[in-house]
Amino acid sequence: MATQEPIHATPNERLDVESVDLASVTESLRRRFGAELLQDELPGRTMIRDAVVEQLGCSMLEAESIVDTMVLRGFVRVAHGAEGLPLWKIG
């Protein structure tokens with residue numbers, strides 16, 4: 001599966017968050033981090049946000065909105081591993 005090209009070409013354009021293929025973004029995150037990202041909630045969210053910025057060529061604010069939507073829709077979520085340590089489930 002090819003990496004998704006940036007959705008908009010210039011920094012002045014606003015990203016239509018509703019047009020983002022969340023399944024594709026999730027698959028890209030799985031390739032990058034694996035199915036689980038062993039990180040606390042805030043550092044994990046930051047890593048995911050930064051990966052979305054890199055993949056889509058969007059702003060950090062737009063990426064935050066995308067990550068929020070992904071969490072709300074269950075594409076990524078914070079869980080606890082066998083030893084009670086927090087981790088991010090991707091996909």
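Residues numbered from 1 in each chain as written. Predicted model: local features only at pLDDT ≥ 70, side-chain atom pairs only at ≥ 80, totals over all residues. Heavy atoms only, no water.

## Let's talk about helix H1 (residues 22–33)
Spelled out, the test is: Secondary structure elements are defined from DSSP: runs of H or I of at least 4 residues count as helices, runs of E of at least 2 residues count as strands, and each element is numbered from the N terminus. Here, expected helix span is obtained from the residue count minus one, scaled by 1.5 Å. Only protein chains enter the calculation, and the probe is 1.4 Å; a residue is then buried if its accessible area is under 20% of its type maximum, exposed if over 50%, and partly exposed in between. Throughout, a residue-residue contact means that at least one pair of heavy atoms, one from each residue, lies within 4.5 Å. Polar contact is defined as a pair of N or O atoms within 3.5 Å, subject to the rule that within protein one atom must be able to donate a hydrogen and the other to accept it, and that residues adjacent in sequence are counted only when both atoms are side-chain atoms.
Counted at 1.5 Å a residue, the expected span for H1 with its twelve residues is 16 Å, and the 16 Å between its end C-alpha atoms agrees. Among all positions in H1, only Leu22, Ser24, Val25, Thr26, Ser28, Leu29 and Phe33 are buried. Looking at the packing, one finds that the buried side of H1 touches strand S1 (36–37), helix H2 (41–56), helix H3 (60–72), strand S2 (76–80) and strand S3 (86–90). Sitting at the amino-terminal end of H1 is Asp21, which places a side-chain oxygen 3.2 Å from the backbone nitrogen of Ala23. Looking one or two places after H1, you find Gly34, whose phi comes out positive at around 90°.

## Overview of the pattern of salt bridges
Note the cut-off: Definition used for salt bridges: Asp or Glu carboxyl oxygen within 4 Å of a side-chain nitrogen of Lys or Arg.
Following the criterion strictly, the structure yields six salt bridges and no others. Across the pair Asp68 and Arg45 runs a salt bridge, and its minimum N-O distance is 2.8 Å. Residue Asp68 is found in helix H3, and its partner Arg45 is found in helix H2; the two are separated by 23 residues along the sequence. On the basis of relative accessibility, which here comes to 37%, the residue Asp68 falls in the partly exposed class. The residue Asp50 makes a salt bridge to Arg49 at a minimum N-O spacing of 2.7 Å. Residue class for Arg49 comes out buried when judged on its relative accessible area of 14%.

## A word on the sheet that holds S3
Basically, it comes down to this: The rule for pairing is simple: two strands pair if DSSP sees at least two bridges between them. Angles shown run from 0 to 180 degrees and are taken between the N-to-C directions of axes, each axis being a line fitted to C-alpha atoms and, for helices, limited to the stretch in contact.
Here three strands make up an open sheet; going across it, the order is S1-S3-S2 and the pairing antiparallel. Two strands lie at the open edges of the sheet, namely S1 and S2, each paired on one side alone. For S1 and S3, the ladder comprises two bridges, and the chain directions are antiparallel. The residue of S3 that forms the bridge with Glu36 is Lys89. Here H2 sits on the sheet in contact with S1, S2 and S3, set at roughly 30° to S3.

## As for the packing of H2 against H3
Describing two packed helices takes the angle between their axes plus the distance from one axis to the other. The test is simple: If you view the pair so one helix is near and one far, a crossing is left-handed when the near helix is turned anticlockwise from the far one by less than a right angle, and right-handed when it is turned clockwise. Residues are sorted three ways: Asp, Glu, Lys and Arg are charged, Ala, Val, Leu, Ile, Met, Phe, Trp, Tyr, Cys and Pro are nonpolar, and all the rest, Gly among them, are polar.
Remark: H2 packs on H3, axes separated minimally by 9 Å, with the N-to-C direction vectors making an angle of 120°. Two packed elements cross with a definite hand, and for H2 against H3 that hand is right-handed. Of H3, the residues touching H2 (which contributes Arg45, Ile48, Arg49, Asp50, Val52, Val53 and Leu56) are Met60, Ala63, Glu64, Ile66, Val67, Asp68 and Val71. Its residues placed into classes, the contact of H2 with H3 shows nine nonpolar, no polar and five charged.

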